[in-house]
Amino acid sequence: MPTERLQKILAKIGLGSRREIEQWIRDGRLKINNQVALLGDKISTHDIVSLDGRRLNIKMAEHVDLRVIMYHKPTGEVCSRRDEEGRPTVFENLPKLRGKRWIAIGRLDFNTSGLLLFTTDGELANRLMHPSSEIEREYAVRVLGRMSEEQAARLKKGVRLDDGMASFDTINDAGGEGANHWYHVILREGRNREVRRMFESQNLKVSRLIRVRFGPITLPRFLRFGKVKDLEKEELEQLCRCVNYSSDY
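Residues numbered from 1 in each chain as written. Predicted model: local features only at pLDDT ≥ 70, side-chain atom pairs only at ≥ 80, totals over all residues. Heavy atoms only, no water.

Colleague: I'd like a rundown of unusual backbone geometry, residues and numbers included.
Modeller: Phi is positive for Glu134, which is not a glycine, with a value near 50°. Residue position: Glu134 is located in the loop between helix H3 (122-129) and strand S10 (137-144). Judged by relative accessible area, Glu134 falls into the partly exposed class, the value being 47%. (Helix = DSSP H or I, 4+ residues; strand = E, 2+ residues; numbered from the N terminus. Buried < 20%, exposed > 50% of the residue type's maximum accessible area, 1.4 Å probe, protein only.)

This is the structure in structure tokens:
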């Protein structure tokens, strides 16, 4: 196997995202052949790499089985591995892995339900989450009352939030009865509580928020809350293709 950047190989075997691993390098936690690793260092699977003094099995990078699963997140779960308040986490319902770990592709906040993707490949996760990839996220949003044409126009043109401008690519009326009304919206980034904050900027109160699609992957109707499903081969190929990533190992 040719030499590759340290963080890329460690991400490939599922130890974390490239961003996490780069921080480990900055903190001096990683060593290559008993020398403290530096950002930019490259390795092959013949090198000896250790994290906090524990040797890592980097030869796994030669035989990584790419796996991506979808999870139907209910409200009331956090996307962290552990929660200081003792709340349930999305990781508690995922299949157990040996020698690697699940990496979340994006996040959903505590009160948002819907589609979450997890992978064993940190490099794929990094590409899918990177802002330059502009992966579409589609949400079903229930609001109190109805959106006016002027409000919809502003949300598509762009509104200013605390962390910059934000806009929806599309807004589709999905109907509703009584005081509540549903809309489907699409945007290409995943900032914290972004969809809720955009609606709040127009004085529209969100009472329910569901992510129904991430890129080419749509949440199937049959997948119940708290359940997991592996992506089919064709779905996996579509997901990799949208970020020009080879799934052949």
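Colleague: Before we move on, can you summarise the pairing of strand S15 (residues 206-214) with the specific residues and values?
Modeller: When you tally the buried positions in S15, you get 7 out of 9 residues, the bulk of the element. Relative to S15, strand S9 (residues 113-119) runs parallel, the two being bridged by 2 bridges. Looking at S15, one finds that Gly114 is bridged to Arg211. In this structure, S10 lies alongside S15, joined through 7 bridges in antiparallel fashion. Considered in S15, the bridge of Tyr139 is made with Arg211. In this structure, S15 lies alongside strand S16 (residues 217-218), joined through 2 bridges in antiparallel fashion. If you follow Arg213 over to S16, its bridge partner there is Thr218. Connecting S15 to the next strand, S16, in antiparallel fashion are 2 residues, including Gly215 with a positive phi near 60°. (Pairing = 2+ DSSP bridges.)

Colleague: Run through the sheet that holds strand S6 (residues 54-55), naming residues and quoting values.
Modeller: Strand order in the open sheet made by the 4 strands is S3-S2-S5-S6, with antiparallel pairing throughout. One side of each edge strand has no neighbouring strand; the edge strands of this open sheet are strand S3 (35-36) and S6. As judged from the 2 bridges shared by strand S5 (residues 49-51) and S6, these two strands associate in the antiparallel manner. Pairing of Ser50 across the sheet is with Arg55, part of S6.

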